[in-house]
Amino acid sequence: ILGGYEAKPHLRPYMASLQLDGQHICGGFLIAKQWVLSAAHCTEETLHSLPEPHKRLYRVRAQIPHPGSNIHNNKDDLLLLQLEEEAELNAHVQVLPVQREDRDVAPDTVCEVAGWGTINHSGRRPDKLYQLERPVLSRDVCNHRTRHDHTITEKMMCTDSRRKDTCKGDSGGPLVCNGVAEGVVTAGSRVCGNYKKPAIYTRIAPYTAWIDGVIAAGAA
Ligand SMILES: NCc1cccc(Nc2n[nH]c3ncnc(Nc4cccc(O)c4)c23)c1
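The structure displayed is predicted, hence computed values, not measured ones.

(A) Molecular detail of the overall build of the chain. Scanning the chain from N- to C-terminus turns up 2 helices and 14 strands. Its C-alpha atoms give the chain a radius of gyration of 16 Å, within 12% of the compact-globule value 17 Å for 220 residues. The dimensions of the chain, computed from C-alpha atoms along their principal axes, are 45 × 35 × 30 Å. Per-residue burial over the chain gives 50% buried out of 220 residues. Considering only contacts in the chain between residues 6 or more positions apart, those separated by 24 or more positions represent 68%. As presented, the chain carries roughly 10600 Å² of accessible surface, and 49% of it is formed by carbon and sulfur atoms. Charge separation in the chain, taken as the distance between the mean sites of 26 positive and 26 negative side-chain charges, equals 6 Å.

(B) Just the site of the ligand, in detail. His 121, Asp 165, Thr 166, Cys 167, Lys 168, Ser 171, Val 185, Thr 186, Ala 187, Arg 190, Val 191 and Cys 192 make up every residue found near the ligand. Within the side chain of His 121, an N or O atom sits 2.9 Å from an oxygen atom of the ligand. Thr 166 has a polar backbone atom sitting 2.8 Å from a nitrogen atom of the ligand. The protein chains hide 78% of the 550 Å² of surface that the ligand would expose on its own. The cavity where the ligand resides is the largest pocket. Taken together, the residues that form the shell around the ligand break down as 5 nonpolar, 4 polar and 3 charged.

(C) Region of the structure containing the environment of Arg 163. The residue Arg 163 is located in the loop between β11 (156-159) and β12 (174-177) in this model. Looking at Arg 163, the relative accessible area reads 55%, which means it is exposed. Along the backbone, Arg 163 and Leu 2 are 161 residues apart, and their C-alpha atoms lie at a distance of 6.9 Å.

(D) Structural context of the pattern of salt bridges. Following the criterion strictly, the structure yields 11 salt bridges and no others. The shortest N-O distance in the salt bridge between Asp 160 and Arg 134 comes to 2.7 Å. In this pair, Asp 160 sits in the loop between β11 and β12 while Arg 134 sits in strand β10 (residues 130-137), placing the two residues 26 residues apart along the sequence. Because the salt bridges share partners, they merge into one network encompassing Asp 102, Asp 104, Arg 139 and Arg 203.

What counts, and at which threshold
Residues numbered from 1 in each chain as written. Predicted model: local features only at pLDDT ≥ 70, side-chain atom pairs only at ≥ 80, totals over all residues. Heavy atoms only, no water. Helix = DSSP H or I, 4+ residues; strand = E, 2+ residues; numbered from the N terminus. Rg over C-alpha atoms; globule rule 2.2 N^0.38 Å. Buried < 20%, exposed > 50% of the residue type's maximum accessible area, 1.4 Å probe, protein only. Contact = heavy atoms within 4.5 Å. Areas by Shrake-Rupley, 256 points an atom, 1.4 Å probe, with all protein chains shown as cover. Lys, Arg positive; Asp, Glu negative; His and termini not counted. Charge placed at Lys NZ, Arg CZ, Asp CG, Glu CD. Near = heavy atom within 4 Å. Polar contact = N/O pair within 3.5 Å; in protein donor to acceptor, adjacent residues only side chain to side chain. 1 Å grid on protein atoms, 1.4 Å probe; cavity = no way out; pocket = protein on both sides within 12 Å on 5 of 7 lines; lining within 4 Å. Sits in = over half its atoms within 2 Å of the grid points. Nonpolar A, V, L, I, M, F, W, Y, C, P; charged D, E, K, R; others polar. Salt bridge = Lys/Arg side-chain N within 4 Å of Asp/Glu carboxyl O.

Structural data, given as structure tokens:
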């Protein structure tokens, strides 16, 4: 997170850090007791832990990238992770509700994004969760040829990226608007903090049927 600030402990009990050999790779968030939602571009073979100090390490039983996700673009950039066991929910570990109504968040709505991603351009990694408030940018502005040039589909959304922005390691984290997860951070052009490359998120509402289907099948 560039230009953000340390999150208060326990205020985001749904946040997860996907780790590989103890190193943070991507963000994620608890959407059900045994399921974390993240981004398909995050590596495979992830171990999985929840935030300090009520952090617990959960092994990943299954990783299900969205079938439409691929390395060439940001389409369908979602990853479902089934934990080896159900997370014990408490004041510090909670599920985050996801948006199920497929309707765009109004431009200029101020939403929040959090992550353990880099906090400066030299790639400094924080050991605390950082967060940021960002206004939603209309798809028309985000698709301008001097911005993301018509690559933002109706299953994506954008926030303003002038100085304050998501960055490396924030992928997979939730964009939370009015207490509900509306989007999942995707790296897109990987640029951070440049207003010409707004932050891009995979909208969640268009994918709730896929999410429900995987969870129902996995629970079997
Ligand atoms: N703001 C969009 C966004 C969301 C999530 C991740 C990302 N960036 C990145 N995702 N993966 C990456 N691998 C290497 N470098 C990266 N960006 C980078 C790193 C240092 C300085 C800088 O200006 C940009 C990224 C960018």
